[in-house]
Amino acid sequence: MPDESDREQARLLYALLRHEADELTRVLDADLTRRGTPRSTTESRRLARDLDEIRRCLAALAARFPEAVGTERH
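Conventions used here
Residues numbered from 1 in each chain as written. Predicted model: local features only at pLDDT ≥ 70, side-chain atom pairs only at ≥ 80, totals over all residues. Heavy atoms only, no water. Helix = DSSP H or I, 4+ residues; strand = E, 2+ residues; numbered from the N terminus. Buried < 20%, exposed > 50% of the residue type's maximum accessible area, 1.4 Å probe, protein only. Contact = heavy atoms within 4.5 Å. Areas by Shrake-Rupley, 256 points an atom, 1.4 Å probe, with all protein chains shown as cover. Expected span 1.5 Å × (residues − 1).

This part is about the overall build of the chain. Of regular secondary structure, the chain possesses 3 helices and 0 strands. Secondary structure elements of the chain occur, N-terminal to C-terminal, as α-α-α. Put simply, the chain has 74 residues, and 27% of those count as buried. A fraction of 62% describes how many contacts in the chain between residues 6 or more apart in sequence connect residues 24 or more apart. With an accessible surface of roughly 5,500 Å², the chain has 53% of that area assigned to carbon and sulfur atoms.

Here is the structure:
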């Protein structure tokens, strides 16, 4: 059974991952690099893979610490 420090760490990690997922989603939706040029297919795939991994981690945290991450969707 997780103690309070485990739940707090899960909350913090979940928030960081949520922020990273939001940023990656924004970048993928823009489909442009920082210089304003179209993003390469390879880079888009890598970013999408990273986003999938973050979502997997969010789901695992939500399953392990449901009380720590609340009902927020991932």
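Once that is clear, we can look at the side chain of Ser44. If you trace the backbone, Ser44 turns up in helix H2 (residues 41-64). Overall, Ser44 belongs to the buried group, its relative accessible area being 17%. Not counting residues up to four positions away in its chain, the partners in contact with Ser44 are Leu28, Asp31 and Arg39.

Between its first and last C-alpha, helix H1 (residues 4-30) extends 39 Å over 27 residues, near the 39 Å set by a 1.5 Å rise per residue. For H1, every residue scored as buried is listed here: Arg7, Ala10, Tyr14, Leu17, Arg18, Ala21 and Leu24. Buried residues in H1 make contact with H2 and helix H3 (66-69). Phi turns positive, to about 55°, at Asp31, one or two residues after H1.

Turning to the environment of Asp52, a few remarks are in order. Structurally, Asp52 can be placed in helix H2. Residue Asp52 is classed as partly exposed on the basis of its relative accessible area of 47%. The sequence separation of Asp52 and Ala21 amounts to 31 residues, and the corresponding C-alpha distance is 8.9 Å.

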